[in-house]
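So the chains spell out like this:
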Amino acid sequence: MKKFTPLTWIIAGLSLGLAALSYGYFSNYAPNMVEKEAFDAHKKDLEDVIAMDGRAKKRVADVAMEVSKKSEEWQAIVDQKTPQPGLKYGGIDLSVNAWQLVVDAPTFRDSMQAAVNRQVLKGGVKVISAPVVPAFSQDATKIVSEGFNYPALPFPIVMYDLGTIQVRGTMNQIMDNFEAWSRMPNYMAISAGLQFTGTTPVLTGTYNVTMVGYVQGSKIGASVPEGGGSAAGGSGGGNAPGGGLNSPGGPQRVGKGDRNVK
């Protein structure tokens, strides 16, 4: 019988050990590693989803904060650049029926004219040519669409190109007058195209003004059928606007030798 040398036993032991290791690796360790990698990948996916959810929540929070900020900014505009609702406060209530609106609109128009009259005197200038706010339509079927631009715009609003305005004074007075329109209470007014003529120290300033008025309220009164006709009567002006140039209580045209406007 052939004897095995110690080296033979060592080689045989190593062979059996490798076989056992191979079996353990392929039958146990390797599948476990694949499973672990799958779990790790799934874990990373979940972590990504969680992180994404966190970013999404932050985006939502950021948007909500921006909306709140814009809302506050808009409220500030409403507080400063919108006439209060109701005729006695200088505004108008659009929730009334169209016939009543025709009656109320001239009073609202006169309130706007009074505001323009006050504004055109800013800076201590003499008024040569003053703006006049046009009258509203007396047709109940058209007053909301033509007078308040609704529903052509998503909310009721009055918009007027007040035309060319001329004032006389020093350059500083005219500049103050021109720039003061941007601070007009209850309305948004934009003055543009200022030009100077004359010889210092007394100059004539000529420019244009556009005026916008937002109307407070969440309801528009019921419309009337076509052919509903015009409302009789009315207050404060109707088709003959009051309070404008050379009218009682309004700015007076100033010419050579005329007195200052007060």
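Remember, predicted model here, so these are calculated numbers, not experimental data.

Criteria and cut-off values
- Residues numbered from 1 in each chain as written.
- Predicted model: local features only at pLDDT ≥ 70, side-chain atom pairs only at ≥ 80, totals over all residues.
- Heavy atoms only, no water.
- Helix = DSSP H or I, 4+ residues; strand = E, 2+ residues; numbered from the N terminus.
- Expected span 1.5 Å × (residues − 1).
- Polar contact = N/O pair within 3.5 Å; in protein donor to acceptor, adjacent residues only side chain to side chain.
- Salt bridge = Lys/Arg side-chain N within 4 Å of Asp/Glu carboxyl O.
- Core = buried A, V, L, I, M, F, W, Y, C linked by side-chain atoms within 4.5 Å.
- Buried < 20%, exposed > 50% of the residue type's maximum accessible area, 1.4 Å probe, protein only.
- Contact = heavy atoms within 4.5 Å.
- Phe/Tyr/Trp six-rings, centres within 6.5 Å; stacked < 30°, edge-to-face > 60°.
- Pairing = 2+ DSSP bridges.
- Axes fitted to C-alpha atoms, helices over the stretch in contact; angles between N-to-C directions.
- Arc of directions from axis to C-beta.

Colleague: Looking at this model, I keep getting lost on helix α2 (residues 98-120). Mind explaining?
Modeller: Think of an α-helix as 3.6 residues a turn; residues three or four steps apart then line up on the same face. Between its first and last C-alpha, α2 extends 32 Å over 23 residues, near the 33 Å set by a 1.5 Å rise per residue. Where α2 begins, the side chain of Asn 97 points an oxygen toward the backbone nitrogen of Trp 99, at a separation of 3.1 Å.

Colleague: When you look at the pattern of salt bridges in this model, what are you seeing that I'm missing?
Modeller: Where charged atoms from two side chains of opposite charge approach closely, those side chains can pair. Considering all chains together, one arrives at 1 salt bridge under this definition. Residues Asp 110 and Arg 109 are paired through a salt bridge, measuring 2.8 Å at the closest nitrogen-oxygen approach.

Colleague: Any chance you could explain the nonpolar core here in plain terms?
Modeller: As a rule of thumb, soluble globular proteins bury nonpolar side chains together. Counting residues in hydrophobic clusters, the biggest one holds 36 residues, and the most contacted among them are Met 112, Phe 136, Phe 148 and Trp 181. Of all the elements in the fold, those that place two or more residues in this core are α2, α3 (143-147), β2 (157-169), α4 (171-180) and β4 (202-214). It is α2 that contributes the most residues to this core, 9 residues altogether. Those residues in contact with Trp 181 that lie beyond four places of it in its chain are Val 116, Gln 119, Val 120, Pro 131, Ile 165, Ala 189, Ser 191, Tyr 207 and Val 209.

Colleague: Could you clarify how one ought to interpret the side chain of Gln 113 in this entry?
Modeller: Examined against the element boundaries, Gln 113 turns out to sit in helix α2. Classification of Gln 113 by relative accessible area gives buried; the value is 0%. Looking at Gln 113, its side chain comes within polar contact range of the side chain of Arg 109, at 2.8 Å. Here Asn 117 takes part through its side chain, which lies 2.8 Å from a polar atom of the side chain of Gln 113.

Colleague: What is the right way to look at the packing of aromatic side chains in this model?
Modeller: Any pair of aromatic rings gets described here by the distance separating the centres and the angle formed by the planes. Enumeration over the complete set of coordinates arrives at 5 aromatic pairs. Consider the rings of Phe 108 and Phe 148, whose centres lie 6.2 Å apart with planes at 15°: the pair is stacked. Of the two residues, Phe 108 is situated in helix α2 and Phe 148 in the loop between α3 and β2; the sequence distance between them amounts to 40 residues. By relative accessible area, Phe 108 is classed as buried at 1%.

Colleague: So what exactly am I meant to see when it comes to the sheet that holds β4 here?
Modeller: Two modes of strand pairing occur in sheets, parallel and antiparallel, and in both the strands are linked by backbone hydrogen bonds. Across the sheet, which stays open at both edges, the 4 strands sit in the order β1-β2-β4-β3 with antiparallel pairing between neighbours. The sheet is open, and its two borders are formed by β1 (126-129) and β3 (188-199), each paired with just one other strand. Each neighbouring strand pair of the sheet contributes to a mean axis angle of 30°, computed without reference to strand direction. Bridge analysis of β3 against β4 gives 10 bridges, and the strand direction is antiparallel. Bridge pairing in β4 places Ala 189 opposite Met 211.

Colleague: What am I meant to see in α4 here?
Modeller: All of the buried residues in α4 are Ile 174, Asn 177, Phe 178 and Ala 180. Within α4, the buried residues cover an arc of 165° as seen down the axis, which keeps them to one side. Among the structural elements, α2, β2, β3 and β4 are those in contact with the buried residues of α4.

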